[in-house]
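# Secondary and tertiary structure notes
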Amino acid sequence: MNRITKLFKEKKNNILSIYYTAGYPGLGDTIAIANALEKAGADMLEIGFPYSDPVADGPVIQASSKHALDQGMDLNLLFEQLKELRKTVTIPVLLMGYVNPVLQYGVERFCEACAQVGVDGCIVPDLPMVEYEEFYKDTFLKYGLSNVFLVTPQTSVERIHKIDSLSNGFIYLLSSSATTGQNLQVSDTTAAYFSRIAAMELNNPTMIGFGISSKETFDKACKYANGGIIGTAFVKSLSSDKLNENIDAFMKMFRA
Amino acid sequence: MNYFVNEKGYYGDFGGAYIPEMLYPNVEELRQNYLKIIGDPSFQQEFHHLLKDYVGRPSPLYLAKRLSKKYNANIFLKREDLNHTGAHKINNTIGQILLAEKLGKKRIIAETGAGQHGVATATVCALRGLECVVYMGEIDIQRQAPNVARMKMLGAKVVSAVSGSKTLKDATNEAMRDWINNPVDTHYIIGSVVGPHPYPDMVSIFQSVISEETKKQLLEQTGNDQPDYVLACVGGGSNAMGMFYHFIDDEKVKLIAVEAGGKGVDTGFSAATTFLGKEGVLHGSRSILMQTADGQVVEPHSVSAGLDYPGIGPQHAHLFKTHRAKYVSITDDESLQAGLLCTQMEGIIPAIESAHALAYLEKMEFKGGENVVVCLSGRGDKDMDTYMKYFGF
Ligand SMILES: Cc1ncc(COP(=O)(O)O)c(C=O)c1O
């Protein structure tokens, strides 16, 4: 069974997923960060492969992506590094990034490489659902990969059902329509939106992301979904010196 | 061969809507409504009224006698430089602001390179009383200072894009981020035939007035509405699409799209997309773009800010791949020389973008008597600084 499916089968709440950009802060930190996060209590990892024009990202992840690219990170190097992944890391791992690098690498080749290194799924925000269904789905399934779609407060009920039918891992709920790095504020309307989704009884579990930066906002996310995803706040906390200590300190906020 | 968009939003292999879910509701709303709104007689009436009495259309088709003599062909200049605000860009912004109003939007955002699209957007926002935010690369803000001042005077907020190469591509990223963060009452007026479907089609429809008029004017002036050649410069490709539009299905008319070669196609300082690019996805559509083997977008170079873009619209990619149009490139130096030549032989100072199209005349061979239309997409006022520095005036 795919590790993502297994995770959600075994754990229903309080699931903590952490995003970080491959190649940041150090070009060679990819596996070290994964190990430290698993040890400190992360349930799932999203490793970003950097892109020059990340339109869905705010300044912090933009900067980490640029830094990673400047240092020479690309998909070839990332897959090379990820050969070490499953020697130590046991939790589910997704790759997250934009569609153009995947297209240039080759969709089939990309999926095959994911499967070979033990990546369980992908989040490609600018890959449209229609394209996925028509051209990518079969390849993703052939290699046992989950594909994760985003849902925003503006996504229609009809479309959410369609997304649910095409998903095979979890659905990524955005707290609001926003680029990454805004603060999660659960206003009445967001609460109503989260409750509305919860009431839809979707086939797939849900994770709330974008703007979770504290224990308080993480707990709010867990109230409405199976867990929360932290990206910007974690990336912001990283620095090259004392990598492990910093990760431990960050994770203590959530896993005391 | 179908050169226009199909029901799935594609031009052959190119187009589509590669956008994150956050943009989907807005783009889908546009997709479902744009043809209906544009086709409505009351929309058409208001659009054409504004084009006539506000923009000053039809723009003249001028037979440039001295250039014609020099090149041994009838060189017609389609005078988009005479439009209000000085370029073709306003044809599109008038159309889109009316459409945004019909969709009930209250706030307008735009990206700009040379500042012409920013000015054209700020202008229509002032005209209709809508809030306007324009994203512009930090480098372009410096090299197009007069247009920045115009936008501010028109009441727009100009936001400097400081990411990436700090030019048009990055301004476009910032505008898309703004739209993601303002999902309900904002309309994004994209300035060229780029972006997710339906933008390329919508913008080309608004710009198609250029070729619609040209056909009529050619018929009046020459007795034949079929030119031998049509030339236009290509940044994202909107003036070219407007200039080609009504000639595309007439294969006897040769279409020539002129890209910015920068310091030379092989110098590493170029924006000649079809020469240097590969198929991929940029700014929401599948097209041809300049990129590394790893799919990172390459920073382009051109002396003209309006052509300093690493991609082309998906319809251009299709016209290129099917060989319906010929894509050529002109260097910075060649374009500046052509700008000077046009100025001194015809008394018209062209935008450096448009001068790229003029420069290609040097490379063509005519038998004599051919009718050649060049889209003079804009006037050169905004470029005086560059011209002055280059020629030492
Ligand atoms: C005068 C002029 N011509 C051409 C362009 C290039 O745009 P497009 O290729 O969309 O016509 C610009 C863009 O700013 C412009 O100002």
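Report on the accompanying structure.

Reading the values: the criteria
- Residues numbered from 1 in each chain as written.
- Chains lettered and ligands numbered in written order.
- Predicted model: local features only at pLDDT ≥ 70, side-chain atom pairs only at ≥ 80, totals over all residues.
- Heavy atoms only, no water.
- Helix = DSSP H or I, 4+ residues; strand = E, 2+ residues; numbered from the N terminus.
- Rg over C-alpha atoms; globule rule 2.2 N^0.38 Å.
- Buried < 20%, exposed > 50% of the residue type's maximum accessible area, 1.4 Å probe, protein only.
- Contact = heavy atoms within 4.5 Å.
- Areas by Shrake-Rupley, 256 points an atom, 1.4 Å probe, with all protein chains shown as cover.
- Lys, Arg positive; Asp, Glu negative; His and termini not counted.
- Charge placed at Lys NZ, Arg CZ, Asp CG, Glu CD.
- Buried area = accessible area lost by both parts, 1.4 Å probe.
- Salt bridge = Lys/Arg side-chain N within 4 Å of Asp/Glu carboxyl O.
- Polar contact = N/O pair within 3.5 Å; in protein donor to acceptor, adjacent residues only side chain to side chain.
- Nonpolar A, V, L, I, M, F, W, Y, C, P; charged D, E, K, R; others polar.
- Phe/Tyr/Trp six-rings, centres within 6.5 Å; stacked < 30°, edge-to-face > 60°.
- Lys NZ or Arg CZ within 6 Å of the ring centre and 35° of its normal.

On to the overall build of chain A, then. A tally of helices and strands in chain A yields 13 helices and nine strands. Computed over the C-alpha atoms, the radius of gyration of chain A is 17 Å, within 12% of the 18 Å expected from 2.2 N^0.38 for a compact globule of 256 residues. For chain A, the C-alpha atoms occupy an extent of roughly 45 × 40 × 35 Å along the three principal directions. Looking at the 256 residues of chain A, the share that counts as buried comes to 61%. If you take every contact in chain A between residues at least 6 apart in sequence, the share linking residues at least 24 apart comes to 75%. With an accessible surface of roughly 9900 Å², chain A has 50% of that area assigned to carbon and sulfur atoms. Both charge centroids of chain A, one from 23 positive and one from 28 negative side chains, sit 6 Å from each other.

Take the interface of chain B and chain A next. Accessible area lost when the parts come together is the quantity often used to give the size of an interface. Counting residues at the interface gives 34 residues for chain B and 36 residues for chain A. Note on chain B versus chain A: buried area summed over both sides is about 2700 Å², and carbon and sulfur give 51% of it. Looking at the side of chain B facing chain A, the largest losses of area belong to Glu21, Met22 and Arg177 of chain B, adding up to 23% of the total buried there. Taken together, chain B and chain A are joined by three salt bridges. The tally of links from chain B across to chain A stands at 21 residue pairs in polar contact (both at pLDDT 80 or more). Looking at the side of chain B that touches chain A residue by residue, the classes come out as 17 nonpolar, seven polar and ten charged.

Take the pattern of salt bridges next. All names here are of chain B. Evaluation of the coordinates by the stated rule reveals 37 salt bridges over all chains. Glu213 is the partner of Arg57 in a salt bridge, and the nearest nitrogen-oxygen pair spans 2.8 Å. Of this pair, Arg57 sits in the loop between helix 2 (41-55) and strand 3 (61-63) while Glu213 is found in helix 10 (residues 209-222), placing the two residues 156 residues apart along the sequence. Neither residue differs from the other here; Arg57 and Glu213 are each classed as buried. For Asp170, the salt bridge identified is with Lys169, shortest N-O distance 3.4 Å. We classify Asp170 as buried; its relative accessible area is 1%. Under the relative-accessibility criterion, Lys169 is labelled buried at 2%. Residues joined in a network through salt bridges with shared partners are Arg57, Lys78, Glu80 and Glu213.

Right, let's talk about the packing of aromatic side chains for a bit. One pass over the structure, following the stated rule, counts 25 aromatic pairs over all chains. Ring plane angle 40° and centroid distance 5.5 Å describe the contact between Phe8 of chain A and Phe170 of chain A, whose orientation is recorded as tilted. Placement of Phe8 of chain A in helix 1 (residues 3-10) and of Phe170 of chain A in the loop between helix 9 (157-166) and strand 7 (171-174) is noted, with a sequence separation of 162 residues between them. For the pair Phe8 of chain A and Phe170 of chain A, one class covers both residues: buried. Between Phe320 of chain B and Tyr327 of chain B the ring centres are 5.5 Å apart and the planes differ by 85°, which places this aromatic pair in the edge-to-face class. For Phe320 of chain B, a relative accessible area of 29% gives the class partly exposed. We classify Tyr327 of chain B as buried; its relative accessible area is 7%. Clustering of aromatic rings is evident, with ring pairs tying together Phe49, Phe79, Tyr105 and Phe110 of chain A. Over the face of the ring belonging to Tyr24 of chain B we find Arg159 of chain A, whose NZ or CZ atom lies 3.2 Å from the ring centre.

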